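So you can see what is in the structure, the chains are spelled out below.
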Amino acid sequence: MARRNIIDRIKDLPSDQKIVFWGAAAMALSVILPWYSDIDAFKTGDTYFGITGPLYLIGILFLGLSGTAIATLFNYTVREKIEMIFSKLATYYMIAGGFCAFLLLLANSVYFHPRFGVNIAIKSAGIGMWIALIGVGMMIYGGYTLRKRRERFSDMESRLEPLIKMPEKDYTPVAREHQEVRGYQEVRESRREVAEVADFGTPPRDYSAELPVDRMKTIEDISAEQIVRRQDTLL
């Protein structure tokens, strides 16, 4: 059941992440396969795996970087931590692949040096070295395609227009002042009509003086009230 679940999760991955997965898996597998051999017909010489020999540390780094890449595809916690460091998973895949390519170049420069090995004339790269090279190439290519796909998706999001366009309101000080003046005028006229209907013989009361004082009013609100009062005196 667990095996089927893993296979289903691999199948559900996008194509670029599948490339990263299989590339990382090839890199992890290569460290337990022969990387270098100089054994002759008399069975003398040495054979080194990815995690053995003088450059065993390179194999350990291969195993750690490839395992982290696989974990980012299936574990949200690891993915989140990698994104906090590299901001994007594609960046990590490309950097990890490039660093592993440099480690392979370094390993080959040591293994195939004329002064290294027992049988100098008989040297060959093992199958593990070729699988590691293929895995590194797949990881770099998968990270590159993933980055391009994310960029295309971001461009599509930026070009999408909202389904409902809300009208833009003008919040300039002048427009706001006119709106508040109009509002005060409407309140004043409505209250004057109520006063005239309630009492025909008495002059209308000034209800604006009975309004509670709002200490949180801005300077623009106070100036609007002053304009209204100035208009009352002119009427």
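Every value quoted in this text rests on a predicted model; they were computed, and no experiment measured them. Residues take numbers from 1 onward in each chain, read along the sequence in its written order. pLDDT decides what is reported in this predicted model: residues at 70 or higher carry local features, side-chain atom pairs at 80 or more are listed and counted, and totals for whole chains, interfaces and linings draw on all residues regardless. The basis for every side-chain value is the complete set of heavy atoms in the structure, and neither hydrogens nor water enter the calculation.

Engineer: Help me understand the overall build of the protein in this model?
Structural biologist: Numbering of helices and strands runs from the N terminus; a helix is a DSSP stretch of H or I covering at least four residues, while a strand is a stretch of E covering at least two. Helix and strand counts for the protein come out as eight helices and three strands. Starting at the N terminus and walking to the C terminus, you meet the elements of the protein as α-α-β-β-α-α-α-β-α-α-α. Partly exposed residues are those whose accessible area sits between 20% and 50% of the maximum for their type, while under 20% is buried and over 50% is exposed, using a 1.4 Å probe and protein chains only. Taking all 235 residues of the protein together, 26% fall into the buried category. Using the Shrake-Rupley algorithm and a 1.4 Å probe, accessible areas are obtained, with residue cover drawn only from the displayed protein chains. Only carbon and sulfur atoms are counted for the fraction: they give 63% of the accessible area of the protein, which is about 16600 Å².

Engineer: Looking at this structure, how should I read the pairing of strand 1 (residues 34-37)?
Structural biologist: Each regular strand displays side chains that alternate between the two surfaces of the sheet. A pair of strands is treated as paired once DSSP finds two or more bridges between them. Where strand 1 meets strand 2 (residues 47-49), three bridges bridge the pair, whose relative direction is antiparallel. What sits directly across from Ser-37, in strand 2, is Thr-47. Where strand 1 meets strand 3 (residues 124-125), two bridges bridge the pair, whose relative direction is antiparallel. Along strand 3, the bridge assignment pairs Tyr-36 with Ala-125.

Engineer: Got a minute to help me understand helix 5 (residues 89-111) in this structure?
Structural biologist: What sets the pattern is the α-helix's 3.6 residues per turn: residues three or four places apart point alike. Between the first and last C-alpha of helix 5 there are 33 Å, a value that for 23 residues agrees with the 33 Å anticipated at 1.5 Å per step. If you check which residues of helix 5 are buried, you get Leu-89, Ala-90, Tyr-92, Tyr-93, Ala-96, Gly-97, Cys-100, Leu-103, Leu-104, Ala-107 and Tyr-111. By this rule the span expected of a helix is its residue count minus one, scaled by 1.5 Å.

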